[in-house]
Amino acid sequence: MSKKEKKSIPEDKLALYKKLVESIPQLEINSKFGFPYTSLNGHMFSLLSTSGFVGIRLPKEERALFLEKYNSTLYKPEPGPLLKEYVTVPSDLLNDVETLKQYLTLSLEYVKTLKPKPKKNKK
């Protein structure tokens, strides 16, 4: 039995994701779990999977509009479960930082409304 190969994120997708996150000055990319993501108060709100797809967490109404407008789907990272509050950013839209910045800003505002997750005590 061979070991699983660790998939690396396509460099072009990583560069576009970084450009998107950097478009909002107060944001920074985390990578504690082995993939790049943004979070606030313990709530993740965007991520880039090893398959090169970006997911953005949106409130229900905005999520429905995004799914219809961009003929998109709910986000399912590889590997991982379906993330029901996240939309999959179509690859061609990833190049449009100005449009995506609006959605990432909506996402940030949405997670600000969520109760902060309690910090885990290290043993």
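Residues numbered from 1 in each chain as written. Predicted model: local features only at pLDDT ≥ 70, side-chain atom pairs only at ≥ 80, totals over all residues. Heavy atoms only, no water.

*Asks:* I tried to follow unusual backbone geometry on my own but got confused; where do I start?
*Replies:* Keep in mind that most residues, glycine aside, have a negative phi and that most peptide bonds are trans. Positioned with a positive phi, Asn41 is a non-glycine residue whose angle comes to about 55 degrees. By secondary structure assignment, the location of Asn41 is in the loop between strand S1 (37-40) and strand S2 (43-48). With a phi angle near 50 degrees, Asn71 is a residue other than glycine that sits in the positive phi range. Looking at Asn71, the relative accessible area reads 71%, which means it is exposed. (Helix = DSSP H or I, 4+ residues; strand = E, 2+ residues; numbered from the N terminus. Buried < 20%, exposed > 50% of the residue type's maximum accessible area, 1.4 Å probe, protein only.)

*Asks:* What am I meant to see in the pattern of salt bridges here?
*Replies:* Once their charged atoms are close, side chains differing in charge can pair, the charge on each being opposite to the other. Per the stated rule, a full pass over the model turns up 2 salt bridges. For Glu85, the salt bridge is made with Arg57, and the minimal N-O distance between the two is 2.7 Å. Of this pair, Glu85 sits in strand S5 (residues 83-88) while Arg57 sits in strand S3 (residues 54-57); the two residues are 28 residues apart in sequence, bridging distant segments of the chain. According to the relative accessible area criterion, Glu85 is partly exposed, its value standing at 24%. Put simply, Lys112 and Glu109 hold a salt bridge, and the shortest N to O gap is 3.3 Å. (Salt bridge = Lys/Arg side-chain N within 4 Å of Asp/Glu carboxyl O.)

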